[in-house]
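What follows is the residue order along each chain.
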Amino acid sequence: MHLVVTQDPRFERESDNLHTTLTIGVAQAALGTDAVVDTLQSTHTVTVKAGTQHGHVERIRGEGVPHLRGRGKGDLFVHVLVETPSELTAAEEDLLRRYAAARGENVSPPGGGGDGVFSRLRSAFG
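Residues numbered from 1 in each chain as written. Predicted model: local features only at pLDDT ≥ 70, side-chain atom pairs only at ≥ 80, totals over all residues. Heavy atoms only, no water.

Peer 1: Break down helix α2 (residues 90-103) for me, citing the residues and quoting the values.
Peer 2: With 14 residues, α2 extends 20 Å between its outermost C-alpha atoms, agreeing within 8% with the 20 Å of an ideal straight helix rising 1.5 Å per residue. Phi turns positive, to about 75 degrees, at glycine 104, one or two residues after α2. (Helix = DSSP H or I, 4+ residues; strand = E, 2+ residues; numbered from the N terminus. Expected span 1.5 Å × (residues − 1).)

Listed below in C-alpha coordinates is the structure:
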(Lines give C-alpha, C1' and ligand atoms only; values in the text may rest on other atoms or scores of the structure.)
Protein backbone atom coordinates (compact mmCIF):
# COMPACT_ATOMS: atom_id res chain seq x y z
CA MET A 1 0.00 0.00 0.00
CA HIS A 2 1.30 3.44 -0.93
CA LEU A 3 0.21 6.62 0.75
CA VAL A 4 0.32 9.88 -1.19
CA VAL A 5 0.42 13.13 0.78
CA THR A 6 -0.33 16.38 -1.03
CA GLN A 7 1.07 19.63 0.29
CA ASP A 8 -1.20 22.35 1.58
CA PRO A 9 0.28 25.86 1.19
CA ARG A 10 -1.33 26.94 4.49
CA PHE A 11 0.78 24.53 6.53
CA GLU A 12 4.28 23.20 7.00
CA ARG A 13 4.47 19.67 8.27
CA GLU A 14 6.88 18.39 10.90
CA SER A 15 6.13 14.72 11.62
CA ASP A 16 2.50 14.69 12.83
CA ASN A 17 2.56 18.38 13.76
CA LEU A 18 1.60 21.27 11.50
CA HIS A 19 2.84 24.87 11.51
CA THR A 20 1.01 27.91 10.18
CA THR A 21 1.31 31.68 10.53
CA LEU A 22 -1.11 34.31 11.79
CA THR A 23 -0.35 37.92 10.88
CA ILE A 24 -1.81 40.58 13.18
CA GLY A 25 -1.40 44.33 13.55
CA VAL A 26 0.51 46.20 16.25
CA ALA A 27 -2.68 47.31 18.02
CA GLN A 28 -4.03 43.75 18.02
CA ALA A 29 -0.78 42.47 19.53
CA ALA A 30 -0.73 45.18 22.19
CA LEU A 31 -4.42 44.99 23.13
CA GLY A 32 -5.24 41.36 22.33
CA THR A 33 -7.70 39.90 19.84
CA ASP A 34 -9.48 36.76 18.75
CA ALA A 35 -8.45 35.46 15.33
CA VAL A 36 -9.66 32.55 13.23
CA VAL A 37 -7.04 30.19 11.77
CA ASP A 38 -7.54 27.32 9.34
CA THR A 39 -7.05 23.74 10.50
CA LEU A 40 -7.03 20.62 8.33
CA GLN A 41 -10.71 20.00 9.00
CA SER A 42 -12.21 23.46 9.62
CA THR A 43 -11.22 26.58 11.55
CA HIS A 44 -10.22 27.36 15.13
CA THR A 45 -10.44 30.62 17.08
CA VAL A 46 -7.13 31.61 18.67
CA THR A 47 -7.15 34.09 21.53
CA VAL A 48 -4.13 36.37 21.18
CA LYS A 49 -3.39 37.81 24.62
CA ALA A 50 -2.60 41.48 25.17
CA GLY A 51 1.12 42.11 24.91
CA THR A 52 1.81 39.25 22.50
CA GLN A 53 5.22 39.61 20.86
CA HIS A 54 6.25 38.92 17.27
CA GLY A 55 7.28 35.29 16.95
CA HIS A 56 5.03 33.98 19.75
CA VAL A 57 3.84 30.42 19.08
CA GLU A 58 0.39 29.24 20.13
CA ARG A 59 -0.20 25.48 20.31
CA ILE A 60 -3.55 23.93 19.38
CA ARG A 61 -3.58 20.34 20.57
CA GLY A 62 -5.02 17.63 18.34
CA GLU A 63 -5.33 19.74 15.17
CA GLY A 64 -2.37 18.22 13.35
CA VAL A 65 -2.01 15.12 11.19
CA PRO A 66 -3.54 11.84 12.39
CA HIS A 67 -0.98 9.35 13.76
CA LEU A 68 -0.36 6.49 11.31
CA ARG A 69 -0.03 3.88 14.04
CA GLY A 70 -2.27 4.46 16.96
CA ARG A 71 -4.86 6.96 17.98
CA GLY A 72 -4.82 10.71 18.11
CA LYS A 73 -3.37 13.52 16.07
CA GLY A 74 -0.40 15.84 16.17
CA ASP A 75 -0.70 19.50 17.11
CA LEU A 76 -1.05 22.72 15.13
CA PHE A 77 1.47 25.43 16.01
CA VAL A 78 0.37 28.96 15.12
CA HIS A 79 3.32 31.35 14.68
CA VAL A 80 2.18 34.92 15.37
CA LEU A 81 3.70 37.60 13.15
CA VAL A 82 3.19 41.23 14.19
CA GLU A 83 3.03 43.45 11.13
CA THR A 84 4.41 46.96 11.50
CA PRO A 85 2.67 49.42 9.14
CA SER A 86 4.98 50.83 6.49
CA GLU A 87 2.74 53.64 5.30
CA LEU A 88 0.80 55.79 7.75
CA THR A 89 -1.76 58.49 7.25
CA ALA A 90 -1.07 61.82 8.95
CA ALA A 91 -3.63 60.96 11.65
CA GLU A 92 -2.05 57.54 12.29
CA GLU A 93 1.43 59.05 12.50
CA ASP A 94 0.19 61.67 14.95
CA LEU A 95 -1.37 58.99 17.16
CA LEU A 96 1.84 56.95 17.15
CA ARG A 97 3.97 60.00 17.96
CA ARG A 98 1.72 60.84 20.92
CA TYR A 99 1.85 57.20 22.05
CA ALA A 100 5.67 57.20 21.85
CA ALA A 101 5.84 60.49 23.79
CA ALA A 102 3.57 59.08 26.51
CA ARG A 103 5.91 56.09 26.86
CA GLY A 104 9.05 58.22 26.76
CA GLU A 105 10.25 56.56 23.56
CA ASN A 106 12.67 58.41 21.30
CA VAL A 107 11.49 58.37 17.65
CA SER A 108 12.71 59.96 14.41
CA PRO A 109 11.35 63.43 13.66
CA PRO A 110 8.52 63.82 11.13
CA GLY A 111 9.61 62.99 7.60
CA GLY A 112 11.70 60.02 8.71
CA GLY A 113 14.84 62.07 9.19
CA GLY A 114 17.23 61.39 11.96
CA ASP A 115 20.84 61.71 12.93
CA GLY A 116 22.09 59.20 10.37
CA VAL A 117 25.06 59.80 8.06
CA PHE A 118 22.92 60.84 5.09
CA SER A 119 20.90 63.24 7.20
CA ARG A 120 24.08 64.95 8.46
CA LEU A 121 25.53 65.12 4.92
CA ARG A 122 22.31 66.63 3.60
CA SER A 123 22.32 69.33 6.27
CA ALA A 124 26.05 70.05 5.68
CA PHE A 125 25.62 70.53 1.92
CA GLY A 126 21.95 71.50 1.82
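Having seen the structure, we can now continue with the description.
Peer 1: Which residues make up the layout of surface pockets, and what are the values?
Peer 2: Taken as a whole, the largest pocket holds about 570 Å³ of empty space. Counting only elements with at least two residues in the lining of the largest pocket, the list comes to α1 (26-31) and α2. At seven residues, the largest contribution of residues to the lining of the largest pocket is made by α2. A breakdown of the residues in the lining of the largest pocket according to their chemical character gives eleven nonpolar, two polar and four charged. By volume, the second largest pocket amounts to about 220 Å³. Along the wall of the second largest pocket there are ten residues; nearest its centre are Thr6, Gln7, Asp8, Arg13 and Leu18. (1 Å grid on protein atoms, 1.4 Å probe; cavity = no way out; pocket = protein on both sides within 12 Å on 5 of 7 lines; lining within 4 Å. Points joined across faces, edges and corners; volume = space filled by probe spheres on them. Nonpolar A, V, L, I, M, F, W, Y, C, P; charged D, E, K, R; others polar.)

Peer 1: Can you break down unusual backbone geometry residue by residue, with the values?
Peer 2: Not every positive phi belongs to a glycine, and serine 15 is a case in point at roughly 60 degrees. Take serine 15: it is sitting in the loop between β1 (12-14) and β2 (17-25).

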